[in-house]
Amino acid sequence: MATAPRRDLLAGVTVAIVALPLALGFGVSSGLGAEAGLATAVVAGALAALFGGSNLQVSGPTGAMTVVLVPIVAEHGSAGVLTVGLMAGILLIALALARAGQYMRYVPAPVVEGFTLGIACVIGLQQVPAALGVDKPEGEKVLAVAWRALVEFVQHPNWLATGLSVGVAAVMLAGARWRPQVPFSIVAVVFATLVVEVFHLGGAAPIGNLPSGLPVPSLGFLDLSAVGSLLAPAVAVAALAALESLLSATVADGMTVGQRHDPDKELFGQGMANLAAPLFGGVPATAAIARTAVNVRAGATSRLAALSHALVLAAVVFAAAPLVARIPLAALAGVLLATSIRMVEVGSLRAMIKATRADAAVLVLTAVATLALDLVYAVILGLAVACALALRAVARQARMEQVDVRADLPGEHSAEEHALLAEHIAAYRIDGPLFFAGAHRFLLELSEVADVRAVILRMSRVTTVDATGALVLKDAVDRLHRRGIAVFASGIRPGQRQALDAVGALELLERSGEYATTPEAIAAAHKHLERAGLLPHRPHRLRKASR
């Protein structure tokens, strides 16, 4: 059996074979060229492996990041993209120092699934021009660009490019089902390149010239004049890098036993990777779920695998750049088309849609927003809607119901006295949270209490109270007082007194009548009715208090 270092080296070579066409393709899709994708895979892949928080994570250019970069290239050019990468690296390191990695666990699964589905659609649409063998039309919206490319293809069809793209994608998809351990992406790309070269076929544009080595690190690319306008894109890139990297690390943990990533250290590693990659002409990077999964399945046990993957790609840059430059763009488009299809987990989507209507709505909304708007805006929108639906569900759990006072009534009473008490006292038990999402419903219900002389609020089952809930309760009690109805509260928990005290509700309840137990509150209401002359005066023998 191979030793752990040997397994890691073999896993690194396997990942490099899978990553090579992806790095080239995502570099081309970003608008900075295949060389930018290779530089990113080498530099970011090595630094993220060294400084990151996961032993199994593989980083480099990804489809999700490409989606964000395309409009930046269109508006600010290559200098803008590289400047954004550097700024995003600084932001990621700041997030790591602020220990923000722990909050990834709060992103709902429907948001992640919708986000992934939307990215897959965008990546697929981005490949349409190259897959059809036409020049990429102007524009930022992928739907419009893909439509214009299709119109151009109908007018001037390029069947060779289309055949190469469809063939490469078909080989990858069929091969993944037949022999998942075989890197069919590189097999298909090599075969497509050989077909074009051997038969001297025209109509299949190659990648073009690649530098025989990484460029010398330089800060000359910085566009300092546009830093202000690039801040928002940099925040978007940093947010996407954090989200995708932590999600990928979580997936890697789930595929192994005993491996657990450090989310804050992972953010730091991604920050270092994004600080360095632009210096070598690379695009912003993030962890790659597909390449990380290949790394785990290939038997990786340590960071050596990701490091060796970066070294193998570096060797390709230095030794095989002329050969790589002959790869047809249409073949890379086929690789990315297959990648986008494989990103969609049909089983997970079906499960989310069947779970609840709210989950289905969040998933669809996030996916559509990703396709039509912006990735970060889509995630923010998905989170906002998910939070709103969750708050609505929690608010619906809160309820207030009228209860019988006889079970907690102290002493012995005649049927006539029971009838008088039921006529003049109304007891309500509040269950669940009393907070902003549902508090106003309680105000309405309490304000419409029938004409009685005393109201008892049993609050021992209230789970939480915020400022809004406390204000609403205070307003309701005040309205009852103005109607001449005395209010007696019981069972207020110590943790809820601060919110009630901050808005003055506690003082109002104490002045009205606030007691530890329900029997004590009922006894106080009984005395109140006696003083009002509605009940005959009699001594009370309190039973054992209970809430």
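All residue numbers here refer to positions counted from 1 along the written sequence of the relevant chain. Totals for whole chains, interfaces and linings use every residue, but because this is a predicted model, local features are given only for residues with pLDDT of at least 70 and side-chain atom pairs only at 80 or more, for both listing and counting. Note that water and hydrogens are dropped before the side-chain values are worked out from all heavy atoms of the structure.

S.K.: Teacher, can you tell me more about the overall build of the protein chain here?
M.R.: Helix and strand definitions follow DSSP, with helices as H or I runs of at least four residues and strands as E runs of at least two, each counted in order from the N terminus. On a plain count of helices and strands, the protein chain comes out with 23 helices and eight strands. Residues classed as buried in the protein chain amount to 52% of the 547 residues present. Across the protein chain, contacts joining residues at least 24 apart in sequence account for 84% of those joining residues at least 6 apart. For the area figures, the Shrake-Rupley method with a 1.4 Å probe applies, and any residue is considered shielded solely by the protein chains shown. Of the roughly 24,800 Å² of accessible surface on the protein chain, 62% is carried by carbon and sulfur atoms. Each residue's exposure class comes from its accessible area (1.4 Å probe, protein chains only) as a fraction of the maximum for that residue type: buried when under 20%, exposed when over 50%, partly exposed otherwise. We call two residues in contact whenever any of their non-hydrogen atoms come within 4.5 Å of each other.

S.K.: Help me out: how do you make sense of the pairing of strand β7 (residues 486-490) in this one?
M.R.: Of all five residues that make up β7, five are buried, and the element is covered over most of its length. Residues Ala486, Phe488 and Ser490 line one face of β7 and the alternating positions Val487 and Ala489 line the opposite face, and both faces are buried. In this description, strands pair whenever DSSP reports at least two bridges between them. By the bridge criterion, five bridges tie strand β5 (residues 454-458) to β7 in an arrangement that is parallel. Note that in β7 the partner of Val455 across the bridge is Val487. Where β7 and strand β8 (residues 514-515) come together, two bridges link them in parallel fashion.

S.K.: Can you walk me through the nonpolar core in this structure?
M.R.: Proteins that are soluble and globular tend to have nonpolar side chains buried together. Core analysis: the biggest nonpolar cluster contains 81 residues, and Leu24, Ile207, Leu210, Val237, Ile327 and Leu375 have the highest contact counts within it. Looking at this core, the element that brings in the most residues is helix α3 (residues 63-97), giving 14 residues. Ignoring any residue separated from it by four or fewer positions in sequence, one finds Leu375 in contact with Ala64, Val67, Val68, Phe115, Ile119, Leu240 and Thr370. Here the nonpolar core consists of buried residues drawn from Ala, Val, Leu, Ile, Met, Phe, Trp, Tyr and Cys, with membership extended through side-chain atoms lying within 4.5 Å.

S.K.: Before we go on, may I ask you to explain the environment of Pro284 in this structure?
M.R.: Examined against the element boundaries, Pro284 turns out to sit in the loop between α10 (263-276) and β2 (286-287). Not counting residues within four places of it along the chain, the set of residues in contact with Pro284 comprises Thr40, Met65, Leu69, Val81, Gly85, Val237 and Asn274.

S.K.: What should I look at first to understand the pattern of salt bridges in this one?
M.R.: Oppositely charged side chains are able to pair whenever their charged atoms sit close together. Whenever a carboxyl oxygen of Asp or Glu lies within 4 Å of a side-chain nitrogen of Lys or Arg, that contact is scored as a salt bridge. A complete count under the given rule lists nine salt bridges for this structure. In this structure, Arg429 and Glu401 form a salt bridge, with 2.5 Å as the shortest nitrogen-oxygen distance. Of this pair, Arg429 sits in strand β4 (residues 425-434) while Glu401 is found in strand β3 (residues 399-403), placing the two residues 28 residues apart along the sequence. Owing to a relative accessible area of 17%, Arg429 belongs among the buried residues under this scheme. Under the relative-accessibility criterion, Glu401 is labelled partly exposed at 30%. Note that Arg511 is salt-bridged to Glu507, the shortest N-O span being 3.9 Å.

S.K.: Got a minute to help me understand the packing of helix α1 (residues 4-30) against α3 in this structure?
M.R.: The geometry of a pair of packed helices is captured by two quantities: the angle between their axes and the separation between those axes. Between α1 and α3, the least distance of the axes is 8 Å, while the angle of their chain directions is 25 degrees. As judged from the angle between their axes, α1 and α3 are roughly parallel. Contacts between α1 and α3 pair Phe26, Ser29 and Ser30 from the former with Gly63, Thr66, Leu69, Val70 and Val73 from the latter. Split by residue class, the contact of α1 with α3 holds four nonpolar, four polar and no charged. Interaxial angles span 0 to 180 degrees and are taken between N-to-C directions of axes, which are lines fitted to C-alpha atoms, for helices over the stretch in contact. Angles are sorted into four bins: roughly parallel if under 35 degrees, roughly antiparallel if over 145, roughly perpendicular if 65 to 115, and oblique for all others. Throughout this entry, Asp, Glu, Lys and Arg are counted as charged residues, while Ala, Val, Leu, Ile, Met, Phe, Trp, Tyr, Cys and Pro are counted as nonpolar. The remaining residues, Gly among them, count as polar.

S.K.: Help me understand empty space enclosed by the protein in this model?
M.R.: With a probe scaled to a water molecule rolled over the atoms, the places where space remains empty come into view. The definitions used throughout rest on a 1 Å grid laid over the protein atoms alone, on which a cavity is an enclosed set of points accommodating a 1.4 Å probe that cannot get out and a pocket is an open set flanked by protein within 12 Å on both sides along at least five of seven lines; lining residues are those having an atom within 4 Å of a point. Grid points are joined across faces, edges and corners, and a volume is the space filled by probe spheres set on the points. Under the counting rule described, the total for this entry stands at three cavities of 30 Å³ or more. Lining of the largest cavity is provided by 10 residues; of these, Val70, Gln126, Lys136, Val142 and Val145 occupy positions nearest its centre. Counting only elements with at least two residues in the lining of the largest cavity, the list comes to α4 (109-126) and α6 (142-155). A per-class count over the lining of the largest cavity returns five nonpolar, two polar and three charged. Of the volumes computed, that of the second largest cavity is approximately 40 Å³. Surrounding the second largest cavity, Val107, Val111, Val112, Phe115, Leu243, Glu244, Leu247 and Val379 form its lining. Put simply, the parts of the chain that give the lining of the second largest cavity at least two residues each are α4 and α9 (227-254). For the lining of the second largest cavity, the class distribution of residues is seven nonpolar, no polar and one charged.

S.K.: Just to check I follow, could you spell out the packing of aromatic side chains for this structure?
M.R.: Any two rings among Phe, Tyr and Trp, with Trp reduced to its six-membered ring, count as a pair given centres within 6.5 Å; such a pair is stacked if its planes are under 30 degrees apart, edge-to-face if over 60, and tilted if neither. As enumerated under the stated definition, the model contains three aromatic pairs in all. Ring geometry for Trp178 against Phe184: centres 6.2 Å apart, planes inclined by 45 degrees, an arrangement best described as tilted. For Trp178, a relative accessible area of 57% translates into the label exposed. Phe184 gets classed as buried once you look at its relative accessible area, which sits at 14%.

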